[in-house]
Amino acid sequence: MKVRTLILPKRLCWLPLLVLLAGCAHHATAPNRDYHDILDRVSKEYGIHDISYLITQNGRVAAEQFSSSLLDFSPATNSAIAAIFCNPLKLDVLVKDSILPGDSALKKYFHSIDNKGIQVKDLVVVPADNYEPQRFCADSVYWMTDRLVQAVAKKDQYANAFMGALDQATAHLQGHQSLLESLAQVSRLFDEKYIEYFYKADSLVANLFPTWYTENKTFFYGWKILKIQHSTILWNCFVDQERTLLLMKFMDKKVFAAIQYTAKPVPDPYSYHRDDLLQSPIALALIKPLLVPQAQQLDIDYTAAWSTIAENRKVIDNSAYRLLYNKELIARARYDEAVGDSANARKLYAGYEMLTGGSSLAAYLNEVPIAETGYISDRLNTTAAFSIDKDGNYQVFAGGQVLPVTDQYNAPYNADHVQLYFSQDDHVKAGQDPLQVFHFNYRYNKIAGMQDDRHADSWIKASNIRFAYGDPDDTSYVLEIAIPWYEMPGKKKFNQRPVRLNVLLGDCDYEENKRESILSWATKPGERWDDPATYGVLSFAAHPAAVRKGYASRLVSHPPVIDGQIDDVWDQVTYSGIEWPYQDRVSAYDHAGKFKSLYDESYVYFLFYVGDNCKNKTGVITKDKCWIEEAATNQLIWKMPADTTRYAPSYSMEAKIYLKAGKYKLRYYSDKGHSTEGWYAAPPQHDVYGGIIYPLKK
């Protein structure tokens, strides 16, 4: 089980923490909002009777309300939560002043610690490709930072002085006036000394990326990070059995919010073992007025008929803000389910399924994922480690940006492909026999060809060759081909004279237009691909006999249907394996192939069965990459395929994949634009822009 929350005693003094880091002052960009009204409405909708909050805008109190029933809590626990934000500041100063090596492993300081890979600097700012929730939950961060600060501070006089100042600022976490003033000092230290001093852009140059310092980060001085629609939200959440403390800092808007409320049965960011701020209806209630344009701000009655809800949503169903309203719908469905209104919950879940085009994602909403990337921002390189206890099938949902390629390749051999090389007959003069080449790219509607070994590949403008692809599963594809006799080399019409043949299978994986490996049927590694002397023999006979090096096609009276489906007629012949590793390393899981052949008086037929764990459709490039790799070897196991849809450049997919027991990494790499941080065009049809893996539901 992944630990995401700080488990707190029931009698804690939470109220002081409502002002933690509340002093994010300075230059206003957010408009005035009626925060009282916003929080009052969401409290009534979700049955929240006890709620306290403090919201500041431009460093000034914009709204506050304190419930007396939430005042009597432990000062010690308040100190622990405060330390989650204070200790990273202390550690950062120790590192910057070379008192503490930032790249030192924590094992050096704590012999009992199990997390050998964590370094001191990881407790301050964590890159997205090094974040593991169980390592950076509130309990772990507090324990590690507090012990480390105490251990190192005693060795240095300046460190003691600096930490004394911070400790003095948070020494009295009770008593309103002194407490609020002291915690405001901690806030100003974070904003002024770090944000305004270390991360401030040159005042003479327009700051086009005001929160650049959070790029490709997951953990930032005690905060988690959400980048959504051109805004950066720092957040954290602390949960006990009955109460939730939610902290949000809208960096671009200069708004800070601390909200404490009775938790059950309201969804929080950690519900269903997730790490998702947008699961919280409280968070959504504040995010919408701050981020969504006025014309797209909706107040939806989720108790109304679905037809009414759908009609009200039309203004946002193709907008960049659809995700927020989908999350709001899910939060209400979960709440209704928890309080016993199952009929309304079923209506909302069914509506969500319709909104996502019938995606099976709706069936997994309340399941616990085994790995997920979270929301993808620009220029992100993130990793989610996970392990599988036993071999089995798993459900993957993924989404990203795709780019159609209109000028399809000058070098079509760089894609996933099948190449057939023919020469005229069995009497070969090495290097002189003319070649006939047919080149089929996976899921592409054109054929490339080569007239002889002196001409490069080019697309055949006119051909009567018929072909079709099929996909038996997510890690293989089928190619059926029917070649007229008059397009075979040296044959104007049907005859049974044998021809020379070689087959090359090209495979690309991570990059869709970069060939990584080749399998060959007859030509061996080190031999020339264009030398027919290295080819095998394709013979034709009514009753085929074995040949020394080659394949005997079989005459049939009822030919196969060329539709990408394997007809029974193919059972009359056996497969021949395509097994020579002609270029680069090849594994059976990553790249394998075999073929059969039949013929009649009109056509020669081929059936190819290709194993490929990363099937890349020719003509589509994934600008954002999502993949699974083995943890120990970094071997690519699965990669998000791509296609073009009406939501382009967004692309959504779901697949059932088979994984063996072991340790893996779910990886994601995004480019500089079109993500949850900001869309070029329509967002993806379902809400996963990234990757998430679940155990397969029956």
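Residues numbered from 1 in each chain as written. Predicted model: local features only at pLDDT ≥ 70, side-chain atom pairs only at ≥ 80, totals over all residues. Heavy atoms only, no water.

A few words now on the packing of helix α8 (residues 322–339) against helix α9 (residues 342–355). Here α8 crosses α9 at 155°, and the two axes come no closer than 8 Å. When the axes of α8 and α9 are compared, the pair comes out roughly antiparallel. The interaxial crossing formed by α8 with α9 has left-handed handedness. Touching Asn326, Leu329, Ile330, Arg332, Ala333, Arg334, Asp336 and Glu337 of α8 are Ser342, Asn344, Ala345, Leu348, Tyr349, Tyr352 and Leu355, all from α9. Here the contact of α8 with α9 is composed, by residue class, of eight nonpolar, three polar and four charged. (Axes fitted to C-alpha atoms, helices over the stretch in contact; angles between N-to-C directions. Helix = DSSP H or I, 4+ residues; strand = E, 2+ residues; numbered from the N terminus. Parallel < 35°, antiparallel > 145°, perpendicular 65-115°, else oblique. Left-handed = near helix turned anticlockwise from the far one by under 90°. Contact = heavy atoms within 4.5 Å. Nonpolar A, V, L, I, M, F, W, Y, C, P; charged D, E, K, R; others polar.)

With that settled, the discussion passes to the sheet that holds strand β10 (residues 381–388). Strand order in the open sheet made by the four strands is β10-β30-β27-β28, with antiparallel pairing throughout. With one partner strand each, in any of the chains shown, β10 and β28 (636–639) form the two edges of the open sheet. Geometrically, the sheet is characterised by an average inter-axis angle of 20° between neighbouring strands, direction not taken into account. Alignment of strand β27 (residues 625–630) against strand β30 (residues 662–669), held across six bridges, turns out to be antiparallel. Each residue of the ladder has a partner; that of Lys625, found in β30, is Tyr669. (Pairing = 2+ DSSP bridges.)

This part is about the side chain of Lys227. Along the chain, Lys227 turns up in strand β5 (residues 223–228). In this structure, Lys227 is buried with no salt-bridge partner, the nearest side chain bearing the opposite charge being Glu677 at 4.2 Å. A distance of 2.7 Å separates a polar atom in the side chain of Lys227 from a polar atom in the side chain of Thr214. Here the side chain of Lys227 touches Thr232 through a polar contact of 3.0 Å, side chain to side chain. Not counting chain neighbours up to four residues away, the residues in contact with Lys227 comprise Thr211, Thr214, Glu215, Thr232, Ser377, Thr676 and Glu677. (Buried < 20%, exposed > 50% of the residue type's maximum accessible area, 1.4 Å probe, protein only. Lys, Arg positive; Asp, Glu negative; His and termini not counted. Salt bridge = Lys/Arg side-chain N within 4 Å of Asp/Glu carboxyl O. Polar contact = N/O pair within 3.5 Å; in protein donor to acceptor, adjacent residues only side chain to side chain.)

Tallying each qualifying case throughout the model produces seven cavities of 30 Å³ or more. Here the second largest cavity is characterised by a volume of approximately 300 Å³. Residue lining of the second largest cavity: 23 residues in total, with Arg274, Lys327, Tyr375, Asp687 and Val688 positioned closest to the centre. Examining the composition of the lining of the second largest cavity, we find that four residues originate from one element, α8, more than from any other. Looking at the lining of the second largest cavity residue by residue, the classes come out as eleven nonpolar, five polar and seven charged. (1 Å grid on protein atoms, 1.4 Å probe; cavity = no way out; pocket = protein on both sides within 12 Å on 5 of 7 lines; lining within 4 Å. Points joined across faces, edges and corners; volume = space filled by probe spheres on them.)

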